[in-house]
Amino acid sequence: MEAKSETNKQISSFLFILWAGGAALLSYSLVYALRKPFTAATFDGMDFFGMDYKVATTIMQIFGYLISKFFAIKIVSELKREDRLKFMVYSVALAELALVFFGLLPQPFNVFALFFNGLALGCMWGVIFSFIEGRKVTDILASLLGVSMAVSSGMAKSMGLFVVNTFGVTEFWMPALIGGLAFPLLILMGWSLNKLPQPTDEDRALRSERVTLNGEQRRQLFKSYMPLLIMLFFANLFITILRDIKEDFLVNIIDVSTISSWLFAQVDGMVTLIILGIFAMMSLINSNYRVLQVLLAMVIGGAGTISYLAFNYDALQLPTLYWLFLQSLSLYIVYLSFQTLFFERFIACFKIKGNVGFFIATIDFIGYTGTVCVLLFKEFCSPDINWMEFYNQFSGWVGIVCSIAFIGSAIYLMQRYKLEKQLRKEEKNKKEIQIMENIVELQKIIQENEFFQWLIVTIISAIVFSATNLFFVSNILKIEITRGKKIKIIILEVISRVSTAIIIPVPYYRALTIIVSIVILRKIVKASIEKCIVAESINAISFICAEVIFSKVGCMIFKDVETYQKGMSDPMYKFYLTSSIAILSLIHI
């Protein structure tokens with residue numbers, strides 16, 4: 001039976017991964033179809049008020065994207081679950097409308113339309129990720145979402161080239177055509193994500209509960225981990241710049257006239273499978289701290305590889321396909337580690353009250369700010385530089401800078417984790433010591449106060465007598481009483497017995513408890529009053545007989561107890577009497 005239950009649970013998890021992971025992957029892939037197809041165009045011979053037209057379109061879109069990322073720090077951090085789908089619909093509609101105006105407006109004024117396209121799509125990554133974060137399978141889901149970046153960039157370029165070369169669509173209308181096909185599909189995927197169930201208790205235990213963050217909470221979170229976040233944000237600034245230059249100007253960096261239009265998609269497809277496999281294996285590691293260590297080791301290796309390929313470009317003489325594959329693999333391992341798994345596990349490791357969207361939106365805003373600055377510098381300060389030479393020089397130094405930043409981050413993370421682990425251990429020890437001190441103090445109070453001793457024994461006696469009383473009465477009445485009613489009867493009888501024993505002297509309270517028991521039984525069980533009286537009377541006579549016998553024995557054992565009345569005010573005597581009757585009742589049962 002347990003094996004069958006475990007199998008059903010595994011099937012359920014697998015189906016959930018297909019649903020959530022597939023919807024997330026397709027969602028962001030379709031976002032790329034609205035954002036990136038224009039990068040496949042070269043716009044040869046065109047300019048934007050003296051600036052290269054291709055550079056102008058890229059800067060304008062990224063500038064809109066940059067502003068959107070700035071607002072995403074607040075929007076994504078505070079966006080509630082019920083508002084996510086509505087936000088997606090409005091954003092996607094604005095993005096497609098901007099592409100339509102890019103085709104409609106005359107050149108060069110149509111470039112401004114891409115600003116609104118970028119502005120509409122800047123929050124989409126954080127919104128989509130918020131549907132899948134905080135779950136025990138988030139590593140796999142985030143891997144599927146993350147690799148959409150790797151595969152979708154090349155796919156968008158390939159689709160753009162295919163539409164232009166095969167159907168003769170102009171470079172200005174090609175983005176709107178592809179975006180128009182993606183628009184309804186993206187809305188459908190958003191609806192599917194919105195139907196995902198909330199994280200379970202097990203998810204929250206493993207990955208911490210995800211909550212929205214207001215401005216003050218965001219500031220406090222940044223201050224708490226400032227050294228680590230500054231190093232990571234600084235490194236991601238350069239990684240994002242490098243990624244955007246590679247994505248948007250790859251057709252300028254390498255000669256695309258001799259290769260297939262689908263080469264970008266093929267290379268990104270291979271990279272996707274590798275990264276998906278690596279990131280999916282992280283879900284096998286339960287320790288959040290270990291995953292953070294592995295990720296930092298991977299990004300250090302990836303940054304080092306980028307630098308090595310750049311500084312040894314002439315010596316290696318790699319074919320275009322191999323160079324593109326190694327560049328994409330190294331770059332996306334670094335970039336996607338922070339866009340997907342790192343901050344998800346970081347929140348879980350340090351039990352942070354927050355969400356991944358805040359971190360991702362922040363590093364994206366910083367990164368895209370750098371991208372705009374570098375493109376402007378390249379265009380106005382050094383417009384005639386060779387794209388391949390520029391890319392290799394830049395990527396070589398990016399690899400070195402990022403490696404240093406990641407090594408520093410790894411050292412800080414290890415020290416911070418050890419410190420917090422030690423603090424948690426000390427806090428746990430303090431709590432345990434405090435609990436023991438409270439127990440000792442309570443024992444001391446009870447030992448010094450006879451009333452407390454008597455009250456505890458009275459409560460125990462009331463529970464024992466109420467439970468045995470209920471068993472005997474139900475047997476006499478020959479009726480089935482539900483568990484809920486049994487609990488009600490016992491609770492009410494315990495309250496009545498204890499309160500009666502405190503107020504009324506022995507043995508007069510015995511008569512009153514019998515009357516109260518009859519009333520409780522009559523009200524809850526709904527038996528006839530005659531049956532209740534008979535049942536309680538028989539039971540009471542049995543208990544009184546047992547009490548008389550054991551009390552006589554008790555008077556011989558406890559020398560200070562001369563009478564039953566005096567004995568019932570002695571906690572030890574009362575405990576002896578209760579225990580004796582309870583044992584007799586259990587033997588009878």
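This text follows the structure it describes.
A.B. asks: Got a sec to walk through the overall build of the chain? Specific residues and values, please.
C.D. replies: Looking only at helices and strands, one finds 22 helices and 2 strands in the chain. By the burial criterion, 50% of the 589 residues in the chain qualify as buried. Taking contacts inside the chain between residues at least 6 apart in sequence as the whole, the part at least 24 apart equals 81%. Summed over its atoms, the accessible surface of the chain is roughly 28000 Å², and 68% of this surface lies on carbon and sulfur atoms.

A.B. asks: Just give me the short version of the side chain of Thr-362, but keep the residues and values in it.
C.D. replies: Note that Thr-362 resides in helix H15 (residues 356-381). According to the relative accessible area criterion, Thr-362 is buried, its value standing at 10%. Apart from residues lying up to four places away in sequence, Thr-362 is in contact with Ile-73 and Phe-233.

A.B. asks: Lay out a positive patch on the surface in plain terms, naming residues and giving numbers.
C.D. replies: Residues Lys-485, Lys-488, Arg-522, Lys-523 and Lys-526 make up a contiguous surface patch of positive charge. At the level of elements, helix H18 (483-503) and helix H19 (508-525) are the ones that each hand at least two residues to the positive patch. Within the secondary structure, Lys-526 sits in the loop between H19 and helix H20 (529-557).

A.B. asks: Could you give an account of the nonpolar core, naming the residues involved and the relevant values?
C.D. replies: Membership of the largest hydrophobic core comes to 142 residues, with the highest contact counts inside it found for Tyr-28, Ile-245, Phe-343 and Phe-346. With 16 residues, helix H14 (residues 320-349) is the single largest residue contributor to this core. Sequence-distant contacts of Ile-245, defined by excluding residues within four places in its chain, comprise Leu-250, Ile-253, Val-374, Leu-375, Trp-387, Phe-390, Tyr-391 and Phe-394. Membership of the second largest hydrophobic core comes to 11 residues, among which are Ile-481, Ile-514, Leu-521 and Val-525.

A.B. asks: Got a sec to walk through the side chain of Thr-340? Specific residues and values, please.
C.D. replies: Tracing the backbone through its elements, the reader meets Thr-340 in helix H14. By relative accessible area, which is 0% here, Thr-340 ends up buried. A distance of 2.4 Å separates a polar side-chain atom of Thr-340 from the backbone oxygen of Leu-336. Setting aside anything within four residues of it in sequence, one finds Thr-340 in contact with Trp-125, Phe-129, Ala-142, Gly-146 and Phe-279.

A.B. asks: Please give an account of a nonpolar patch on the surface that cites residues and values.
C.D. replies: Judged by side-chain polarity, Leu-94, Leu-97, Phe-101, Leu-104, Leu-105, Phe-116 and Trp-173 come together as a nonpolar surface patch covering roughly 630 Å² of accessible area. Ranked by residues supplied to the nonpolar patch, first place goes to helix H3 (residues 84-104) with 4 residues. One can find Trp-173 in the loop between helix H6 (138-167) and helix H7 (174-194). On the basis of relative accessibility, which here comes to 35%, the residue Trp-173 falls in the partly exposed class.

A.B. asks: Please provide a residue-by-residue account of H14, values included.
C.D. replies: Taking 1.5 Å of rise per residue, 30 residues should cover 44 Å, and H14 covers 41 Å from first to last C-alpha, within 8% of that figure. Largest kink in H14: about 50°, centred on Ser-337. With 25 of 30 residues buried, H14 is to be regarded as a mostly interior element. Following H14 by one or two positions, Lys-351 has its phi on the positive side, about 55°.

A.B. asks: For the packing of helix H2 (residues 53-78) against helix H4 (residues 111-121), give the residues involved together with the corresponding values.
C.D. replies: At a closest axis distance of 6 Å, the pairing of H2 and H4 adopts a crossing angle of 35°. Both H2 and H4 take part in a crossing whose hand is right-handed. On the side of H2, the interface is formed by Tyr-53, Ala-56, Thr-57, Met-60, Gln-61, Phe-63, Gly-64, Tyr-65, Ile-67 and Ser-68, while H4 contributes Val-111, Phe-112, Leu-114, Phe-115, Asn-117, Gly-118, Leu-119 and Leu-121. The residue inventory of the contact of H2 with H4, partitioned by class, reads 12 nonpolar, 6 polar and no charged.

A.B. asks: Quick one: what's the story with unusual backbone geometry, residue by residue and with numbers?
C.D. replies: Peptide bonds are, in most cases, trans, and in most cases residues other than glycine have a negative phi. Here Gln-107 and Pro-108 are connected by a cis peptide whose omega angle stands at 5°. Structurally, the position occupied by Pro-108 is in the loop between H3 and H4. Even without being glycine, Phe-49 reaches a positive phi, approximately 50°. On the secondary structure map, Phe-49 appears in the loop between strand S1 (47-48) and strand S2 (51-52). Among the residues examined, Phe-49 registers a relative accessible area of 58% and is labelled exposed.

A.B. asks: Could you give an account of the pattern of salt bridges, naming the residues involved and the relevant values?
C.D. replies: Summed over all chains, the structure comprises 13 salt bridges. Between Arg-345 and Asp-139 there is a salt bridge; the shortest N-O distance is 2.3 Å. Of the two residues, Arg-345 sits in helix H14 while Asp-139 sits in helix H6, which places them 206 residues apart along the sequence. Taken as a pair, Arg-345 and Asp-139 share a single burial class, namely buried. Measuring nitrogen to oxygen at the nearest pair gives 2.6 Å for the salt bridge that ties Arg-204 to Asp-201. A residue pair is termed a helical-turn pair when its members lie 3 or 4 positions apart in one helix, as Arg-204 and Asp-201 do in helix H8 (residues 201-207) at 3 residues. On the basis of relative accessible area, Arg-204 is assigned to the partly exposed category, the value being 32%. Under the relative-accessibility criterion, Asp-201 is labelled exposed at 59%.

Definitions and limits used
- Along every chain, residues carry numbers that run from 1 in the direction the sequence is written.
- Note on the predicted model: pLDDT of at least 70 is required for a residue's local features to be given, and 80 or more for side-chain atom pairs to be given and counted; whole-chain, interface and lining totals, by contrast, use all residues.
- Excluding hydrogens and water, the side-chain values take into account all heavy atoms of the structure.
- Starting at the N terminus, helices and strands are each numbered in turn, a helix being any DSSP run of H or I of at least four residues and a strand any DSSP run of E of at least two.
- Relative accessible area decides the class of each residue, using a 1.4 Å probe on protein chains only: under 20% of the type maximum gives buried, over 50% gives exposed, and in between gives partly exposed.
- A contact between two residues is defined here by any heavy atoms of the two lying within 4.5 Å.
- Each accessible area is a Shrake-Rupley result for a 1.4 Å probe, and residues are judged covered by the shown protein chains and nothing else.
- Patch membership needs two things, relative accessible area over 30% and no salt bridge, and members are linked within 9 Å if like-charged or within 5 Å if nonpolar (Val, Leu, Ile, Met, Phe, Trp, Tyr).
- Salt bridges are counted wherever a side-chain nitrogen of Lys or Arg sits within 4 Å of a carboxyl oxygen of Asp or Glu.
- When charges are counted, neither His nor the chain ends are considered; positive counts come from Lys and Arg and negative counts from Asp and Glu.
- Throughout, a charge is located at the NZ atom of Lys, the CZ atom of Arg, the CG atom of Asp or the CD atom of Glu.
- Grouping buried Ala, Val, Leu, Ile, Met, Phe, Trp, Tyr and Cys residues that are joined through side-chain atoms within 4.5 Å yields what is termed a nonpolar core.
- Polar contact is the term for a pair of N or O atoms within 3.5 Å; when the atoms are in protein, one must be able to donate a hydrogen and the other to accept it, and sequence-neighboring residues count only if both atoms are side-chain atoms.
- One less than the number of residues in a helix, times 1.5 Å, gives the span that helix is expected to have.
- To get the bend at a given residue, fit one axis to the seven residues ending there, fit another to the seven starting there, and take the angle between those axes.
- Only the stretch in contact is used when a helix axis is fitted, and all axes are lines through C-alpha atoms; the angle between N-to-C directions ranges over 0 to 180 degrees.
- By definition, any crossing whose near helix is turned counterclockwise from its far helix by less than a right angle is left-handed, and any crossing with a clockwise turn is right-handed.
- Charged means Asp, Glu, Lys or Arg here, nonpolar means Ala, Val, Leu, Ile, Met, Phe, Trp, Tyr, Cys or Pro, and polar covers whatever is left, Gly included.

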